[in-house]
Amino acid sequence: MTFSKLAFLVVLGSAGLHAQWGGELRFCLHSEPRTFNPAMVDDDDSETVRYLTGGVLLRVNRVDQKLEPELATSWKIENGGKSIVFKLREGLSFSDGTPFSAQDVAYTMQTLMDPNLHAPTGDSFRTGNGTVQTVARGKYEVTVTFAEPIAGLARLFDQVAIMSRNSPLRERAVLGPFQIAEHKPGSFLRLSRNPNYWKTDRGRRLAYLDGIRLDIQQNREIELLRFRRGEIHIISSLDPDQFQQLASEDPASVKDAGPTLEGELMWFNMNPAAPIPAYRKAWFASRNFRVAVSHAIRRDDLSRVVYHGHAQAGAGPFSAANLFWFNRSLKPHAFDLEESRRLLAADGFRNDGRSLRDREGHPVEFSVVTNAGNRSRERIAAMIQQDLAALGIKLNIVTLDFPSLMERIGKSFQYESCLLGLINVDLDPNEQMNVWLSSSSNHQWNPGQKTPATAWEAEIDRLMRQQASAVDANRRKALFDKVQQLVSDQAPFLYLVNKNALMALSRSLKNVAPSVLRPQALWNVDRLWLDGSSQPAKRSTE
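Residues numbered from 1 in each chain as written. Predicted model: local features only at pLDDT ≥ 70, side-chain atom pairs only at ≥ 80, totals over all residues. Heavy atoms only, no water.

Some remarks on the overall build of the chain
The criterion, for reference: Secondary structure is summarised from DSSP: a helix means a run of H or I of at least four residues, a strand means a run of E of at least two, and numbering begins at the N terminus for each. Radius of gyration: C-alpha atoms only; globule rule: 2.2 Å multiplied by the number of residues to the exponent 0.38. Accessible area is worked out with a 1.4 Å probe on protein chains only. A residue is then buried under 20% of its type maximum, exposed over 50%, and partly exposed in between. Whether two residues are in contact is decided by their heavy atoms, any of which lying within 4.5 Å being enough. We treat Lys and Arg as the positive residues and Asp and Glu as the negative residues; His and chain ends play no part in the count. The atoms used to mark charge sites are NZ of Lys, CZ of Arg, CG of Asp and CD of Glu.
Scanning the chain for helices and strands turns up 14 helices and 23 strands. Its C-alpha atoms give the chain a radius of gyration of 25 Å, within 12% of the compact-globule value 24 Å for 542 residues. Taking the principal axes of its C-alpha atoms as reference, the chain extends roughly 80 × 55 × 45 Å. A total of 542 residues make up the chain; the buried ones form 54% of that total. In the chain, once contacts between residues fewer than 6 apart in sequence are set aside, the share between residues at least 24 apart is 69%. Put simply, the chain has 66 plus and 61 minus side-chain charges, and the middle of one group is 2 Å from the middle of the other.

Considerations on the side chain of Thr 111
Rule in force here: In the analysis that follows, any N or O atom pair within 3.5 Å is treated as a polar contact, provided that within protein one partner can donate a hydrogen and the other can accept it, and provided that, for residues neighboring in sequence, both atoms belong to side chains.
With respect to the secondary-structure elements, Thr 111 resides in helix α3 (residues 102-112). For Thr 111, a relative accessible area of 14% gives the class buried. A distance of 2.9 Å separates a polar atom in the side chain of Thr 111 from the backbone oxygen of Tyr 107. Setting aside its immediate chain neighbours within four residues, Thr 111 contacts Ala 39, Leu 117, Ala 119 and Met 163.

So, the packing of aromatic side chains
Counted only if it meets this: Stacked, edge-to-face and tilted are the three classes for Phe, Tyr and Trp ring pairs, Trp counted by its six-membered ring, which pair at centre distances within 6.5 Å; planes under 30 degrees apart are stacked, over 60 edge-to-face, the rest tilted.
The tally for this structure, following the rule as stated, stands at 26 aromatic pairs. For the ring pair Phe 268 and Phe 284, a centre distance of 5.0 Å and an interplane angle of 20° mean the geometry is stacked. Of the two residues, Phe 268 is situated in strand β14 (residues 254-268) and Phe 284 in helix α6 (residues 278-285); the sequence distance between them amounts to 16 residues. Judged by centre distance (5.5 Å) and plane angle (65°), the ring pair of Tyr 279 and Trp 283 falls under edge-to-face. One end of the pair, Tyr 279, and the other, Trp 283, are both in helix α6, 4 residues apart, so they sit about a helical turn from each other. Using a relative accessible area of 3% as the deciding quantity, one classes Trp 283 as buried. Taken together, the aromatic side chains of Phe 268, Tyr 279, Trp 283, Phe 284, Phe 289, Phe 349 and Phe 366 make up a single cluster linked through ring pairs.

Comments concerning the pattern of salt bridges
Where charged atoms from two side chains of opposite charge come close, those side chains can pair. As a reminder, the rule being used: Salt bridges are identified by distance alone: a Lys or Arg side-chain nitrogen within 4 Å of an Asp or Glu carboxyl oxygen.
A full pass over the atoms with the stated rule returns 34 salt bridges. A salt bridge links Glu 47 to Arg 50; its shortest N-O distance comes to 2.5 Å. Of this pair, Glu 47 and Arg 50 both sit in helix α2 (residues 44-53), 3 residues apart, which is roughly one turn of that helix. The partly exposed category is assigned to Glu 47, whose relative accessible area is 22%. Taking the shortest distance from any N to any O, the salt bridge between Arg 226 and Asp 215 comes out at 3.0 Å.

Points about empty space enclosed by the protein
Any empty space left between the atoms is revealed when a probe the size of a water molecule rolls over them. Rules: Both cavities and pockets are sets of points on a 1 Å grid over the protein atoms alone; in a cavity a 1.4 Å probe fits but cannot get out, in a pocket the set is open with protein on both sides within 12 Å along at least five of seven lines, and lining residues sit with an atom within 4 Å of a point. Grid points are joined across faces, edges and corners, and a volume is the space filled by probe spheres set on the points.
Going through the model one piece at a time under the given rule, you end up with 5 cavities of 30 Å³ or more. One number sums up the size of the largest cavity: a volume of about 150 Å³. Lining of the largest cavity is provided by 21 residues; of these, Phe 36, Pro 38, Thr 53, Glu 171 and Val 174 occupy positions nearest its centre. No other element matches the 4 residues that α2 contributes to the lining of the largest cavity.

Here's what the structure looks like:
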């Protein structure tokens, strides 16, 4: 491990020895960014722009997942986890030349926590009923104090792009490697190099690239065609079929970076008020039934057939891609029909030779809803349908447009089981509080409970609140390991597979070090460069 990390650092550190300056990186966004205000970002495309333009105090390294200093040279947690003190780099300026100081950090935090603004980026910092106080201690030191301790406080600043208090450009004045130069809504966004970016290579300000062009392109097939034509340099996320197509044409143009934080999962509707038969509710409420279904699913086949081998069997809330928080003692529920039959028999289920029946004689038949048009998900549903037939269970597949699906699982609760994806946007388990707390509206299998419906849900509530109030990372890890073990044992979610990060990269793009964390191929964008001796991306017709 030590050698491989050292080798990686040597590669990045020596990039400047032969890097070429200039050129324009080109890739696609899949929709129009909703905002360029970094405080208001709540969609993937706006987040990409924020990452490319915003300067942050601290950054989570996308390879080793450790926290690193950026605009802050150091930081210290004080006051039992309620306060964080930053010492800032001196002599820096925003892209328009406005000086950077502690007053800008204070202004940014005040903006994030403004109750009238409801900034999504500030949600992670909201705790208790008290106010957040930000005090500048001179020009280059600032203290942020919260009403209550916040677990993992420092890492939250990875998402906080510092805004200028004094610039006439307001949020368009940036501290990151690029700045917005041109925007044609619905068509493209062009970024240019920030002339005041603070990082350098041998005395010259980074980035190596002159700029970036982000074309708005919703159609994934057109995006793939443009990559084949050499019109764009990167596709950050390929589906398995696209990956296989490109791999067969040009193996050097694709990269499988390994398991991501994204997974596919299935759950049963355990809401007592759901408009489904009571005997089916009884099935779904049984831990034996849920685990039996889980053991009947061939996860290795899902990975091999649906993802062409570019996925791993799911074991719990996080995949092994989360280096610190993943509970490595967890194992995926293994395919084991004998164990499934044993668990079902313990609950009085019997197979009459044609179908599985419960103790009252009802045939075991239920439906699974998923979103129409997602080929991978529809294939998973079909394969689970075949797997459960081996137990005598009849599974009916219902595909719905996404708004209708959201209405079923979030409002009317008119469904029996659901197959959807899970995207973890943060490494820290606190970002999953809205899933695990039984009172939450996103506690998918039985949301909005006034009191926990089961003893194990009450225990998860207790553990999640306990880890959220702990400051010591190892203590938090021990508590969340127990949560992961409980979830594996009780199976409110059946974790199916964790998808790998599949991407397409132009041969002309150099110093790429793909990560499984977003923004996969762009995390070190200030050090990416284009090889002029390779075929550059061709400019498409405007």
